[in-house]
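# Structural overview for review
The primary structure of each chain is shown beneath.
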Amino acid sequence: MPLEFLKRKPEGDKPTTPQPSQPTGLPEEVVAQDFQLKLYYAGKSSEGVRMRAGPKALAELPRMLEGLTKEPVEVVEPLELEYAHAVPIISKPSEAMQWLGAHHDLSPVTRHALVVLESIDAIDLAFDTFVCTLLDGEIDTSGYPEYNAVVGGIASHWDEATGDMIVRAVVGWGGRGVRGDTDRIASRLLTNILANILASQYSLGLTAVDRPVPAGGRGGLVCAHCGFASGHERAFYCPKCGMRLLRG
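In short, a report on the structure. (Residues numbered from 1 in each chain as written. Predicted model: local features only at pLDDT ≥ 70, side-chain atom pairs only at ≥ 80, totals over all residues. Heavy atoms only, no water.)

Let us now look at the overall build of the chain. Looking only at helices and strands, the chain has 4 helices and 7 strands in total. Secondary structure elements in the chain, listed N-terminal to C-terminal, are β-β-α-β-α-α-β-β-β-α-β. In the chain, which comprises 248 residues, the share counted as buried stands at 40%. For the chain, the proportion of contacts with a sequence separation of at least 24, taken over those separated by at least 6, is 64%. Only carbon and sulfur atoms are counted for the fraction: they give 54% of the accessible area of the chain, which is about 14,800 Å². (Helix = DSSP H or I, 4+ residues; strand = E, 2+ residues; numbered from the N terminus. Buried < 20%, exposed > 50% of the residue type's maximum accessible area, 1.4 Å probe, protein only. Contact = heavy atoms within 4.5 Å. Areas by Shrake-Rupley, 256 points an atom, 1.4 Å probe, with all protein chains shown as cover.)

Shown next, in the form of structure tokens:
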């Protein structure tokens, strides 16, 4: 009896194993377009200088930047109570709209300086008066400083314990781009501004007094002398004119 089952079957008779279907039209490696935005904000602040209180001392602040400015000097006063929550952060729409409402009439240089210095907490307009200008670098065609331009000037507040004015030099820079040697230039400018502050006839010398901390709610009083709504309810001196607040 022939053993048919032992004979090798032809190639065509082999059972075929189904192969998984391959997608058509896709490359072996997807080429992606990368998008990235790097923002760099930086700033420097000097020690405080204690100055004798009074309207004449406050009016003297812009003059302390003479010889260092490349644009006109602007004075930004502490914010009124209606702008208590103003911050330059677009992810907080209501606060950002308050910030724009408070500063829409300022120059592009000053608005840029406020964005940089408020973002890094170098100044706080709840109590600071800010004297600002372009100190180094160039501005673009729309009037805003380039990323490596140095902006800033002088920040001052009233010492709650004594009523004296505390003044310090503040500079900042940043935006899209690499900082380069801006840090070195900013340090030199900070030194020059501090020297001008110390040379003032109202200067009483360096001080280590910390900046005040606004209390929650910012309920505050209204100054009877200039009508400014105090930044916080614990204030004893008006952030704008420096006069003692009257309490009932």
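Not every positive phi belongs to a glycine, and Asp-121 is a case in point at roughly 65°. Following the sequence through the fold, Asp-121 ends up in the loop between helix H3 (108–119) and strand E4 (129–136). The class for Asp-121 is partly exposed, based on a relative accessible area of 49%.

This paragraph deals with the side chain of Ser-200. Looking at where Ser-200 falls in the secondary structure, it is placed in the loop between helix H4 (182–198) and strand E7 (203–207). Under the relative-accessibility criterion, Ser-200 is labelled buried at 10%. Those residues within four positions of Ser-200 in sequence are excluded, and the remaining contacts are Met-51, Glu-60 and Met-64.

Compared with an ideal rise of 1.5 Å per residue, which puts 12 residues at 16 Å, H3 spans 16 Å between its outermost C-alpha atoms and is within 8% of the ideal. Among the 12 residues that make up H3, 9 are buried, leaving the element largely enclosed by the rest of the structure. Where H3 ends, the next residue or the one after it, Asp-121, has phi of about 65°, a positive value. (Expected span 1.5 Å × (residues − 1).)

On to H4, then. Helix length check: H4 (17 residues) gives 24 Å between terminal C-alpha atoms against 24 Å at 1.5 Å per residue, within 8%. What H4 keeps buried is the set Thr-182, Ile-185, Ala-186, Leu-189, Leu-190, Ile-193, Leu-194 and Ile-197. Buried residues in H4, looked at end-on, bunch into an arc of 170°, giving them a common side. Exposed residues on H4 whose side chains face more than 90 degrees from its buried face are Arg-184 and Thr-191. For H4, the elements touching its buried residues are strand E1 (39–45), strand E2 (48–51), E4, strand E5 (150–158), strand E6 (165–176) and E7. (Arc of directions from axis to C-beta.)

A word on the pattern of salt bridges. Side chains that differ in sign of charge can pair as their charged atoms come close. Under the criterion given, the structure shown has 7 salt bridges. In this structure, Arg-50 engages Asp-164 in a salt bridge whose closest nitrogen and oxygen atoms are separated by 3.2 Å. Of this pair, Arg-50 sits in strand E2 while Asp-164 sits in the loop between E5 and E6; the two residues are 114 residues apart in sequence, bridging distant segments of the chain. Residue classification places Arg-50 among the buried positions, given a relative accessible area of 17%. (Salt bridge = Lys/Arg side-chain N within 4 Å of Asp/Glu carboxyl O.)

A few words now on a nonpolar patch on the surface. A cluster of nonpolar side chains, namely Leu-37, Leu-39, Tyr-41 and Ile-120, defines an oily patch on the protein surface of about 350 Å² accessible area. A relative accessible area of 32% means that Ile-120 is categorised as partly exposed. (Patch = residues over 30% accessible without salt bridge, like charges linked within 9 Å, V, L, I, M, F, W, Y side chains within 5 Å.)

The topology assignment puts Thr-207 in strand E7. The exposure class of Thr-207 is buried, given its relative accessible area of 13%. Within the structure, the side chain of Thr-207 is placed 3.4 Å from the side chain of Arg-50, a separation counted as a polar contact. Thr-207 has contacts with Glu-47, Gly-48, Val-49, Arg-50 and Ile-166, leaving out every residue within four places of it along the chain. (Polar contact = N/O pair within 3.5 Å; in protein donor to acceptor, adjacent residues only side chain to side chain.)

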